[in-house]
Amino acid sequence: QVQLVESGGGLVQGGGSLRLSCAASGFTFSTYAMSWYRQAPGKERELVARITSFSGSTNYADSVKGRFTISRDNSKSTVDLQMNSLKPEDTAVYYCNAHRSWTWGHMADYWGQGTQVTVSS
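Residues numbered from 1 in each chain as written. Predicted model: local features only at pLDDT ≥ 70, side-chain atom pairs only at ≥ 80, totals over all residues. Heavy atoms only, no water.

Asks: Give a detailed account of the overall build of the protein chain, specifying residues and quantitative values.
Replies: When its secondary structure is counted, the protein chain shows 0 helices and 11 strands. Tracing the protein chain from N to C terminus, the helices and strands come up as β-β-β-β-β-β-β-β-β-β-β. Radius of gyration (C-alpha) of the protein chain: 14 Å, near the 14 Å computed for a compact globule of 121 residues. Counting only C-alpha atoms and orienting by the principal axes, one finds that the protein chain spans roughly 45 × 25 × 25 Å. Of the roughly 6400 Å² of accessible surface on the protein chain, a fraction of 48% belongs to carbon and sulfur atoms. A distance of 3 Å separates the average location of the 11 positive side-chain charges in the protein chain from that of its 9 negative side-chain charges. (Helix = DSSP H or I, 4+ residues; strand = E, 2+ residues; numbered from the N terminus. Rg over C-alpha atoms; globule rule 2.2 N^0.38 Å. Areas by Shrake-Rupley, 256 points an atom, 1.4 Å probe, with all protein chains shown as cover. Lys, Arg positive; Asp, Glu negative; His and termini not counted. Charge placed at Lys NZ, Arg CZ, Asp CG, Glu CD.)

This is the structure we're talking about:
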């Protein structure tokens, strides 16, 4: 049974920091790209940061570059998102995502239940 369980969300003042963590189970974690998405009220879900499976290459949304850092620990099947210099516009529900594509076209996508991040001004 696949599970992605996020933790670490909460309320923080602008300029503060939070660290989100996602614990994965039920699939071969090291072979999946891991991402954090977020969805603010009335807006579409957007990609925040992604880290690839083996090389650990990362990419970020322009809005969070230089402030957020994604990392993974394949030995623990966890992926973290360190968020610094938080702004009110970072307020959203943050979701952990696992993704893998196979050469023959098959894809797998798993999602966590989300964790609320609220940044006060």
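Asks: Which residues make up the sheet that holds strand E1 (residues 3-7), and what values go with them?
Replies: A sheet is described by the order of its strands in space; here 4 strands give the open sequence E1-E3-E8-E7, paired in antiparallel fashion. On the outer flanks of this sheet lie E1 and strand E7 (68-73), each paired with one strand and no other. This sheet shows a mean twist of 15 degrees between the axes of neighbouring strands, independent of strand direction. Across 5 bridges, E1 lies against strand E3 (residues 18-25) in antiparallel orientation. Opposite Ser7, over in E3, you have Ser21 as the bridge partner. (Pairing = 2+ DSSP bridges. Axes fitted to C-alpha atoms, helices over the stretch in contact; angles between N-to-C directions.)

Asks: Please give an account of the pairing of strand E11 (residues 115-120) that cites residues and values.
Replies: Because side chains alternate across E11, one face comprises the buried residues Thr115, Val117 and Val119, and the other comprises Gln116, Thr118 and Ser120, none of which is buried. The pairing of strand E2 (residues 10-13) with E11 spans 4 bridges and is classified as parallel. Its bridge partner lying in E11, Val12 is registered against Val119. In terms of strand pairing, strand E9 (residues 92-101) meets E11 through 3 bridges, oriented antiparallel. In the strand pairing of E11, Ala92 is matched with Val117. (Buried < 20%, exposed > 50% of the residue type's maximum accessible area, 1.4 Å probe, protein only.)

Asks: Could you give an account of the pattern of salt bridges, naming the residues involved and the relevant values?
Replies: Summed over the entire model, instances satisfying the criterion amount to 5 salt bridges. When the shortest N-O distance is used, the salt bridge between Asp90 and Arg38 registers 2.9 Å. With a gap of 52 residues between them, Asp90 in the loop between strand E8 (78-83) and E9 and Arg38 in strand E4 (residues 33-39) connect regions that are remote in the sequence. Taken as a pair, Asp90 and Arg38 share a single burial class, namely buried. In this structure, the salt-bridge partner of Arg67 is Asp90, at a minimum N-O distance of 2.8 Å. Taken together, the residues Arg67 in the loop between strand E6 (58-60) and E7 and Asp90 in the loop between E8 and E9 connect sequence positions 23 residues apart. Residue Arg67 shares its accessibility class with Asp90, and that shared class is buried. Residues joined in a network through salt bridges with shared partners are Arg38, Glu46, Arg67 and Asp90. (Salt bridge = Lys/Arg side-chain N within 4 Å of Asp/Glu carboxyl O.)

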